Amino acid sequence: MSVRSAIASWLTRLYFTRLRKKGGSLDLSILSKLPEGALLPLRRDGVDPVPEIGALRDREPVSKLPIPGMTVWLVSGYDEAKEVLGDAKAFSNDFRHLVGVGGAGADQNPGGLGFCDPPDHTRLRRLLTPEFTMRRLSRLTPRIHAIVEEQLAQLEKAVAESPDGTADLVEHFAMPVPALVICELLGVPYEERDAFQQFSVARFDVLGGAGASFGAVSASLDYLRGVVAEQRRNPGEGLLGMLVREHGDNITDEELTGLADGVLTGGLETTASMLALGTLIMMEDRTHFEAIREAEDPATVAAPFVDELLRHLTVVQTAFPRFARADTEIGGVGISSGDIVIVSLSAADRDPRLGEDMDAFLPARPPAASHLAFGYGIHRCIGAELGKMELRAAFPQLVRRFPELRLAVPSSELEFRKLSIVYGVDTLPVKL
């Protein structure tokens, strides 16, 4: 019960923090300096990318973003996106390119896999890959199912105790499920999750300004350095303890900190958003809800449902920025050395070149090509299989336990995140 109380307390603080930010204390200075067109990759209409970015993709899959003082290219076509994401020789992810941009300092480098190039990236990924194979991840399956059941019970309890018979599915289910799973994976103490959770949300919120986002990165890294120091002294059974025991002399504390940060922020907010938005889609179209609930083997229905959901939502809206190492070409468009390239994953995953009616959510759709929800190339999300495991477990358990699950408010009243790299909904009030 103490762990559950800690979860509730942590989430309450998180959401009050977010609501306070919305009350007028936002730093909007960075937005006032950007033309409307520069924000296009982060804008949505409900769960869908705004029509304007689809029209731009179809007309000009490689286009310039109107950002004063620098050359920034937006890549929104699927083929062109794969070309950029798959070419680590032509395009660099090194964080040092960002130093001095938007208040970023060298000490704010989050490290990990996302902001480094080979050979460092190759070495670090090789250390992590064995822990993220399906064979190794399968050991987490019983805990994932148990965590889902525990949070469904918490959701039911919250509804029972609510005066109006409603509860927030994000607070009681979508957020704590991946938080608990990641703690299980890393070996991070449950009572310390409140810290890294708040950092995770803050770093992806563009409305807070670039300075606020980089500040969240610094605070997150400071916290995780303490976690790593403790794992050095007393290696646990999680991922960090394993890396210390097996590769202690070949990996630095800063590298361990960066890897932990990448796992935490890469698998928490993203999976929480998928759980919330996926549930919303099921509640708004009961055919999907009933198809999973009534299936003799829910796993066989959940697998294509989750895969199409990942493509359709693509909650990570843009990939990490790339920097052209030399003069090159993307889709026939010339890119100069030093130019910044932003890939719109959400637009690319709806490219009509992939098939018919790509704006529709069709779980029975024949797979035409691999979606880019987890990225592509050497920087494809290493935790992709873990995320899919969580989603495939959570949706069937949710709809079977609560067959009358429904929205407690009109969908028009839902508050979706504005200008956030990881898209999502702030709250999802439901009735059971």
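These numbers come from a predicted model, not from an experiment.

> I'd like a rundown of the sheet that holds strand 12 (residues 429-431), residues and numbers included.
Pairing is antiparallel across the open sheet formed by three strands, whose spatial order is 6-12-11. The strands lining the two open edges of the sheet, one partner per strand, are strand 6 (167-168) and strand 11 (406-407). When strand 11 meets strand 12, the two strands line up antiparallel, connected through two bridges. Considered in strand 12, the bridge of L407 is made with V430.

> Just give me the short version of the pairing of strand 4 (residues 72-75), but keep the residues and values in it.
Burial of strand 4 is two-sided: the residues V72 and L74 facing one way and the residues W73 and V75 facing the other way are all buried. Linking two consecutive strands that pair antiparallel, namely strand 3 (residues 62-65) and strand 4, is a turn of six residues; a positive phi of about 85 degrees is found at G69 within it. In terms of strand pairing, strand 4 meets strand 10 (residues 340-343) through four bridges, oriented parallel. Residue pairing for strand 10: L74 is matched across the bridge by I342.

> Please give an account of the environment of Q317 that cites residues and values.
With respect to the helices and strands, Q317 occurs in the loop between helix 16 (298-313) and strand 7 (322-324). Judged by its relative accessible area of 0%, Q317 falls in the buried class. Separated by 106 residues in the primary sequence, Q317 and Y423 place their C-alpha atoms 6.8 Å from one another. Leave out the neighbours within four places in its chain, and Q317 touches P41, L42, R43, R44, V343, S344, L345, S346, S420, I421 and Y423. There is a polar contact of 3.4 Å between the side chain of Q317 and the backbone oxygen of L42. A polar contact is formed between the side chain of Q317 and the backbone oxygen of S420, at a distance of 2.8 Å.

> Give a detailed account of the sheet that holds strand 5 (residues 91-92), specifying residues and quantitative values.
The strand order 3-4-10-7-5 describes an open sheet built from five strands, whose pairing is mixed. At either margin of the open sheet sits one strand with a lone partner, and together these are strand 3 and strand 5. Contacts from helix 4 (residues 78-85) reach strand 3, strand 4, strand 5, strand 7 and strand 10 within the one sheet, and its direction differs from that of strand 10 by about 125 degrees.

The rules behind the values
- Residues numbered from 1 in each chain as written.
- Predicted model: local features only at pLDDT ≥ 70, side-chain atom pairs only at ≥ 80, totals over all residues.
- Heavy atoms only, no water.
- Pairing = 2+ DSSP bridges.
- Helix = DSSP H or I, 4+ residues; strand = E, 2+ residues; numbered from the N terminus.
- Buried < 20%, exposed > 50% of the residue type's maximum accessible area, 1.4 Å probe, protein only.
- Contact = heavy atoms within 4.5 Å.
- Polar contact = N/O pair within 3.5 Å; in protein donor to acceptor, adjacent residues only side chain to side chain.
- Axes fitted to C-alpha atoms, helices over the stretch in contact; angles between N-to-C directions.

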